[in-house]
Protein chains: 2
Amino acid sequence: MGQSKPKKSKKQIILEEAATLFREKGYAATTMRDLAAKVGVEAASLYNHIKCKEEILSQICSSLADTYTSKMVLINATDATPIDKIKELLLLHVEINAMSSPLASVMNDEWRHLTEPERSDFLLKRRSYENQFLNIIEQGIADGSVQATDAKIALYTMLSSIRWLQHWYHANRDMDVEAVKSTIIGLLMNGIQKS
Amino acid sequence: MGQSKPKKSKKQIILEEAATLFREKGYAATTMRDLAAKVGVEAASLYNHIKCKEEILSQICSSLADTYTSKMVLINATDATPIDKIKELLLLHVEINAMSSPLASVMNDEWRHLTEPERSDFLLKRRSYENQFLNIIEQGIADGSVQATDAKIALYTMLSSIRWLQHWYHANRDMDVEAVKSTIIGLLMNGIQKS
DNA sequence: CCTACCGATCGGTAGG
DNA sequence: CCTACCGATCGGTAGG
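Basis of the calculations
Residues numbered from 1 in each chain as written. Chains lettered and ligands numbered in written order. Predicted model: local features only at pLDDT ≥ 70, side-chain atom pairs only at ≥ 80, totals over all residues. Helix = DSSP H or I, 4+ residues; strand = E, 2+ residues; numbered from the N terminus. Contact = placed C-beta atoms within 7 Å. Near = placed C-beta within 6 Å. Nonpolar A, V, L, I, M, F, W, Y, C, P; charged D, E, K, R; others polar. Expected span 1.5 Å × (residues − 1). Core = buried A, V, L, I, M, F, W, Y, C linked by C-beta atoms within 7 Å. Buried ≥ 20, exposed ≤ 12 C-beta atoms within 10 Å, placed from the backbone. UniProt positions renumbered as here; feature names shortened; annotations may be inferred. Least-squares fit on C-alpha atoms with pLDDT ≥ 70 in both. Axes fitted to C-alpha atoms, helices over the stretch in contact; angles between N-to-C directions. Parallel < 35°, antiparallel > 145°, perpendicular 65-115°, else oblique. Left-handed = near helix turned anticlockwise from the far one by under 90°.

**Here's the deal with the overall build of chain A**
Phase 1: In terms of regular secondary structure, chain A is built from nine helices and zero strands.
Phase 2: Going from the N terminus to the C terminus, chain A shows its helices and strands as α-α-α-α-α-α-α-α-α.
Phase 3: Principal-axis analysis of the C-alpha atoms gives chain A an extent of 60 × 40 × 35 Å.
Phase 4: The contacts in chain A between residues at least 6 apart in sequence include a share of 70% that link residues at least 24 apart.

**Focus: the protein's contact with DNA strand D**
Phase 1: Surrounding DNA strand D, one finds 14 residues, the nearest of these being E42(A), A44(A), T31(B), A44(B) and C52(B).
Phase 2: Of the residues contributing to the surface near DNA strand D, the split by class is seven nonpolar, three polar and four charged.

**A short note on helix α6 (residues 118-142) of chain A**
Residue and element names in this part refer to chain A.
Phase 1: Taking 1.5 Å of rise per residue, 25 residues should cover 36 Å, and α6 covers 36 Å from first to last C-alpha, within 8% of that figure.
Phase 2: Among the structural elements, α4 (82-99) and α7 (151-162) are those in contact with the buried residues of α6.
Phase 3: G144 sits one or two residues past α6 and shows a positive phi near 85 degrees.

**Here's the deal with unusual backbone geometry**
Phase 1: Going from E116(A) to P117(A), the amide bond is cis rather than trans, its omega being 5 degrees.
Phase 2: Relative to the assigned elements, P117(A) resides in the loop between α5 (101-110) and α6.

**Topic: the environment of N76(B)**
Phase 1: By the secondary structure assignment, N76(B) is in helix α3 (residues 53-77).
Phase 2: Put simply, N76(B) and Q132(B) are 56 residues apart on the chain and 8.7 Å apart in space, counted from C-alpha to C-alpha.

**Concerning the nonpolar core**
Phase 1: In terms of nonpolar packing, the biggest core is built from 52 residues, with I137(A), A154(A), I184(A), I137(B), A154(B) and I184(B) touching the most fellow members.
Phase 2: Apart from the residues within four sequence positions on either side, A154(A) is in contact with I137(A), A148(A), L187(B) and I192(B).

**Quick notes on the UniProt feature "domain: HTH tetR-type" (unreviewed entry) in chain A**
Phase 1: The feature "domain: HTH tetR-type" (unreviewed entry), as given by UniProt, occupies residues 8-68 of chain A in the numbering adopted here.
Phase 2: What you have in residues 8-68 of chain A is 66% helix and 0% strand, and the ends, taken at the C-alpha atoms, are 23 Å apart.

**Structural notes on the interface of chain B and chain A**
Phase 1: At the interface, 33 residues of chain B touch 33 residues of chain A.
Phase 2: The greatest single-element share of the side of chain B that touches chain A, amounting to seven residues, is contributed by helix α9 (residues 177-190) of chain B.
Phase 3: Taken together, the residues of the side of chain B that touches chain A break down into 16 nonpolar, 13 polar and four charged.

**As for the protein's contact with DNA strand C**
Phase 1: As a structural note, the neighbourhood of DNA strand C is formed by 14 residues, with T31(A), A44(A), C52(A), K53(A) and A44(B) the closest of them.
Phase 2: A breakdown of the residues in the surface near DNA strand C according to their chemical character gives seven nonpolar, three polar and four charged.

**Some details on the relation of the copies chain B and chain A**
Phase 1: The transform that puts chain B on chain A rotates by 180 degrees and translates by 0.0 Å along the axis, for an RMSD of 0.0 Å. Taken together, these values place the two copies in the relation of a two-fold axis.
Phase 2: Interface residue correspondence from chain B to chain A reaches 100%, placing this contact among same-surface, isologous pairings.

**Comments concerning the UniProt feature "DNA-binding region" (unreviewed entry) in chain A**
Phase 1: Residues annotated in UniProt with the feature "DNA-binding region" (unreviewed entry) correspond here to residues 31-50 of chain A.
Phase 2: Summarising residues 31-50 of chain A: 40% helix, 0% strand, and an end-to-end C-alpha distance of 14 Å.

**Description of the packing of helix α1 (residues 10-25) of chain B against helix α2 (residues 32-39) of chain B**
Residue and element names in this part refer to chain B.
Phase 1: At a minimum axis distance of 9 Å, the contact between α1 and α2 shows a crossing angle of 120 degrees. Classified by the angle between their axes, α1 and α2 sit oblique to one another. Classified by chirality, the crossing of α2 by α1 is right-handed. Packed against α1, whose contacting residues are I13, I14, E17, A18 and L21, the element α2 presents D34, L35, K38 and V39 at the interface.

**Comments concerning the environment of R112(A)**
Phase 1: Summarising the element assignment, R112(A) is placed in the loop between α5 and α6.
Phase 2: For R112(A) and M99(A), which are 13 residues apart along the polypeptide, the C-alpha to C-alpha distance reads 23 Å.

**Regarding the packing of helix α4 (residues 82-99) of chain B against helix α7 (residues 151-162) of chain B**
Residue and element names in this part refer to chain B.
Phase 1: For the pair α4 and α7, interaxial distance at closest approach is 9 Å and the crossing angle is 30 degrees. In terms of orientation, α4 and α7 fall into the roughly parallel class. Between α4 and α7 lies a crossing whose hand is right-handed. Contact with α4, carried on its side by L90, H93, V94 and N97, involves M158, L159 and I162 of α7 and no other residues of that element.
Phase 2: Of the residues assigned to the contact of α4 with α7, the class counts are five nonpolar, two polar and no charged.

**What about α5(A)?**
All names here are of chain A.
Phase 1: Among the 10 residues that make up α5, eight are buried, leaving the element largely enclosed by the rest of the structure.
Phase 2: Where α5 is concerned, the buried positions are S101, P102, L103, A104, S105, V106, M107 and E110.
Phase 3: Those residues of α5 that are buried are in contact with α1 (10-25), α3 (53-77), α4 and α8 (164-168).

**Things to note about the environment of T67(B)**
Phase 1: Mapping T67(B) onto the fold places it in helix α3.
Phase 2: Each C-alpha atom, one on T67(B) and one on I96(B), is 9.6 Å from the other, the two residues being 29 residues apart in sequence.

Structure, rendered in structure tokens:
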């Protein structure tokens, strides 16, 4: 019989099942035996594919961080206005938090369980991403399209505002993702107070 | 010598040290021996003040949940307009996330480690608080002061947007809390796009 | 509040 | 990929 689905490597399966478990129970409370049961092997067999528990966490965090970084490069390479770049980036965050939410949850909430040097590597990547985002916001303030007194507060407030999707959307798939996108971006752009 | 500080019960000290540790390392990764070291006793001695590890988590979650609930009752008892009630509630969230951030972190991020029946008790309280908040938003939509197509999305986005403070503010105490308050509320009310 | 200790479970290894 | 197993550490108890 022909296989219709693309084959995933066992390692990929392990990473995906781990992300789901880490979101559900947290990294520390997830045991290798939990993970093995989900994958369908004995715990010892996992170690033919991974080096240790923390490697799983590390690869999830750094792969999603790279996704964000490469998208930032693409968006920054366009000649869009600052406010349009901000919109694009916020749409990206909504998409990632709604669609690939196990990965987003793990990266956002479990990175602190990384030990050195992975922890510093991750934080450096995140810092660099945030700095590029801050630059765009400051350009928007400079050209008059953005009203914000503090770019840092604006950035953290906006990014934080989207994170509830990672715990909520996967349980409410009936919600249309396009509607969620435009509602959230509308709220962040114009606020909730009718003027 | 006269004691100048009000005396805290040992149990209170245990709860506070635990909240700080839980925010830093997470509930599951915090051991009773970590906690005992912070409190300055042996691990076994903690059990003269608490029943078990989970009781600590449970009491932190339910005490902060009660704080939110009682504030909601107070604000709802006034004859303020819906939009002013929303502002008051958002200010409350900023304050709690900025000031008592270890408690806020633990309640927001670690409640899922509660087992039954405490877990359901907590979720019921939270659900009730959210429903009252949703009512206020819907009143605001009805009287034309709030522009939002979906009260639930607006609520979760606003509450989520404030949570970054719980991980950030305690490391940046130089920031004036009043300035943070007005900047965040301004952003949520009017958005970041200059119209 | 401490010393002494427990059964359970953890991440991980040896060897095939 | 499995069986068998390990040292370490966990939350918690007994007894004083």
